[in-house]
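Fold and geometry: a report
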Amino acid sequence: MIDERWDALIQEELDGVATPTDRALLYDRLARDPDVRAAYEAMQRLAGAIRNVPREEPPASLKLSVLNSIGHDARRSVPAPGSRIDVWGSLRAAFVAKPLWGGGFVFATGLAVGLLLFALLGHSPTLDTQGLSGSMIPAEHFTRLGQKTIDFNGVHGQLETGLSSQGPCLYVDITDSPEPTEITVGLGQPNAFRGVHQETPANGQVSVDADGLRILNHGKNRYLLTEAPAGQNEIMIRIRVGESTLEERLPLIR
Amino acid sequence: MNDLDDKALVARCLDGNTAAFEVLVDRYQKVLYNVALRMLHNREDAMDASQTAFVKAYEKLNTYDPTYKFFSWIYKILVNESLNQIAHRKPQEELDSAIMAPGRTPEDEVGEEWVQERVQAAIVQLPLEYRRLVVLRHFGDLTYRDMSLALDLPEKTVKSRLFTARRMLKDLLNQRGTVRT
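So, here's what we can say about the structure. Bear in mind the structure is a predicted one, so any value in this text is a computation, not a measurement.

Definitions and limits used
- Residues numbered from 1 in each chain as written.
- Chains lettered and ligands numbered in written order.
- Predicted model: local features only at pLDDT ≥ 70, side-chain atom pairs only at ≥ 80, totals over all residues.
- Heavy atoms only, no water.
- Contact = heavy atoms within 4.5 Å.
- Buried area = accessible area lost by both parts, 1.4 Å probe.
- Salt bridge = Lys/Arg side-chain N within 4 Å of Asp/Glu carboxyl O.
- Core = buried A, V, L, I, M, F, W, Y, C linked by side-chain atoms within 4.5 Å.
- Buried < 20%, exposed > 50% of the residue type's maximum accessible area, 1.4 Å probe, protein only.
- Helix = DSSP H or I, 4+ residues; strand = E, 2+ residues; numbered from the N terminus.
- Pairing = 2+ DSSP bridges.
- Axes fitted to C-alpha atoms, helices over the stretch in contact; angles between N-to-C directions.
- Left-handed = near helix turned anticlockwise from the far one by under 90°.
- Nonpolar A, V, L, I, M, F, W, Y, C, P; charged D, E, K, R; others polar.
- Phe/Tyr/Trp six-rings, centres within 6.5 Å; stacked < 30°, edge-to-face > 60°.

Some words on the interface of chain A and chain B
Taken residue by residue, the interface counts 31 residues in chain A and 40 residues in chain B. For the pair chain A and chain B, the summed buried area comes to about 3,500 Å², and 63% of that belongs to carbon and sulfur atoms. Our count for the chain A to chain B interface comes out at nine salt bridges. Note that Lys-30 of chain B is salt-bridged to Glu-57 of chain A, the shortest N-O span being 2.9 Å.

Quick look at the structure:
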C-alpha cells in the first residue's frame, strides 16, 4: 500500500492533468520506489483494460428517431384522421384508452373488445378496420428504401419500405388478390411493427398472433405498418396464399 | 455545416435550422450511446436514454448556456436520464445478458474478450455515484471540469471520487483475477 499522495499523483498523471513539477516528482519516485512503480503499472493496466472495452455503434434508428422527434416534418405529417390503429401500443398499455383519430367511437370500442378477448382467451383477435379512411403519408414525406413487386399466385401489388415522419415503415399495397390472402409481417420478430393502418376501401382484416401481425386481405387494399423496433435493419415479409409462400426481405435503413 | 463548432450549430438550431441538430447528433450519438450503455448495461435502455437525451436537449436548447461546452451539458441530461431509468428498473433487469455473455466455460475464460467482459461487469458493480464517474471519464473522455459540470459536483469531489472509483474497480478485478493490479 503506497501513500495516498502518490496514488493521487499517479492518477493525475494518467489523466493528463499532472503539473510539470508533480510529474517530475512522480518520475523521480518511480525510479526509486518499487511499490510506487508497481502501483503506477497497475493503474496503467486498469486504464488499458477499460480502454480496450469495445465501443459499440449505436443503432441506426437512434438518429432517425431523434430527428423524427424534433423535425418539423414529424409534426406536419401525422397520419390523416381515421388512419391509425396502434395494435401493439394498445396491448402494451393494457387496454388503456389511446387517442384514435376520427375513425370513431364504434371502432375504438371494437378494438378494445378484441384486445380484451385476446388477453382473456389467449387467441387471435380480429380487428375490424371497416370504415377507416384517409391517406397515410404524403408522398413528399416518404423516402423509399426498398421495393418489391408482388406477382404471386394471383396476388398483385407491391411492398415498399421507406422512411417517414413515423420512422421506418412498410407499405403493403395489394391491388388484387383472391380470398383469402394472408400476409404475415415481421416473421421472427413478433412485434416488428407496432402500428398498423389501413387505407380505404377497408375490406381487409388485421389480426395479431404469435407470429406477428397478420393481414387477411380481400381484393384491393393498402396497408401501412409503422413503429418498427429499434435497431432493425431490414424486415422479412412472408406472403402466404393457400399452401404457397413467398418471402421477401426489404431494408429499413438508408 | 459539419465544420461548424457546437456553439455555432446550437445557434443555428435556435434559428430553426433542424439540420444543424442532425450534425450534433452525428457528432455525439456514438459516445452518448456508449456512455448510456456502460451506465445501464442494456442496449435497449441505452438507446432509449440516448434518444431521450437528444430530444430533451433539443427542446431545452434555449436554456443552454454557451459559456459551457455543449457536450458537458448534454451529458448531464443523459446521466440524469440514465439515473431515471435505473431508478425505475426492477433488480433483475439490471444486466443485459448479451453484453454479459454468461455461462462461459473455463476454456472460454482466456484472452482479451474475457478481460473486457470482466471489466464491463466490474464497472456495473460499482455504486452509481462512482460508476458514472468512471464511465464519463473513460467512455466519454470528459475532463474533471466537464464531469464537474455534467454531474453538478465540485471539481475536487469529482477527482477524489474518481480515484476512489478506480481503486474499487481495481479491487473488484483483483478479486476476479482479471487484471493483475
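Re the nonpolar core
Counting residues in hydrophobic clusters, the biggest one holds 77 residues, and the most contacted among them are Phe-21, Phe-70, Tyr-75, Leu-136 and Leu-169 of chain B. The residues contacting Tyr-75 of chain B, other than those within four sequence positions of it, are Val-31, Leu-32, Val-35, Leu-136, Gly-140, Leu-142 and Ala-150 of chain B. Of all hydrophobic cores here, the second largest spans 16 residues; its members include Phe-152, Leu-170, Ile-174 and Ile-215 of chain A.

What to know about the environment of Leu-78 of chain B
Residue and element names in this part refer to chain B. Along the chain, the position of Leu-78 falls in helix H4 (residues 70–87). Sequence-wise, Leu-78 and Phe-54 are 24 residues apart; in three dimensions their C-alpha atoms are separated by 8.1 Å. With near-sequence residues (within four places) excluded, Leu-78 lies in contact with Leu-32, Val-35, Ala-36, Ala-49, Ser-50 and Ala-53.

Looking at the pairing of strand E3 (residues 155–164) of chain A
Residues and elements named next belong to chain A. Most of E3 sits out of view: eight of its 10 residues are buried. In terms of strand pairing, strand E2 (residues 143–152) meets E3 through nine bridges, oriented antiparallel. Looking at E3, one finds that Thr-149 is bridged to Gln-158. A loop of two residues connects E2 with E3, the two strands running antiparallel in sequence, and Asn-153 in this loop sits at a positive phi of about 50°. Sheet topology note: the E3/strand E4 (residues 167–176) ladder contains nine bridges and is antiparallel. When the sheet's bridge partners are listed, Ser-164 is paired in E4 with Gly-167.

Re the packing of helix H4 (residues 60–70) of chain A against helix H3 (residues 43–59) of chain B
Axis angle and axis distance: for two packed helices, these are the angle between their axes and the distance between the axes, and together they describe the pair. Contact pair H4 of chain A / H3 of chain B: the axes reach a minimum separation of 9 Å and the direction vectors enclose 30°. In this structure, H4 of chain A meets H3 of chain B at a crossing whose hand is right-handed. Across the interface between the two elements, Ser-61, Leu-62, Ser-65, Val-66, Ser-69 and Ile-70 of chain A of H4 of chain A pack against Met-47, Ser-50, Gln-51, Phe-54, Val-55 and Tyr-58 of chain B of H3 of chain B. Residues of the contact of H4 of chain A with H3 of chain B, tallied by class, amount to seven nonpolar, five polar and no charged.

Details of the pattern of salt bridges
Residue and element names in this part refer to chain B. Tallying each qualifying case throughout the model produces 17 salt bridges over all chains. Among the ionic pairs, Lys-56 bridges to Glu-81, the shortest N-O distance being 2.9 Å. Taken together, the residues span a long stretch of sequence, with Lys-56 in helix H3 and Glu-81 in helix H4 at a distance of 25 residues. When its relative accessible area of 10% is taken as the criterion, Glu-81 is described as buried.

What to know about the packing of aromatic side chains
Residues and elements named next belong to chain B. Taken as a whole, this structure holds nine aromatic pairs over all chains when the rule is applied. Summarising the aromatic geometry, the rings of Phe-21 and Phe-54 are spaced 6.3 Å apart at their centres and angled 90° between planes, so their arrangement reads as edge-to-face. Here Phe-21, found in helix H2 (residues 18–40), pairs with Phe-54, found in helix H3; they are 33 residues apart in sequence, far enough to count as distant. Each of the two residues, Phe-21 as well as Phe-54, counts as buried. When the centroid spacing of 5.2 Å and the interplanar angle of 55° are considered together, the rings of Tyr-64 and Trp-73 count as tilted. A residue is classified by how much of its surface remains accessible, and Tyr-64, at 7% relative accessible area, is buried.

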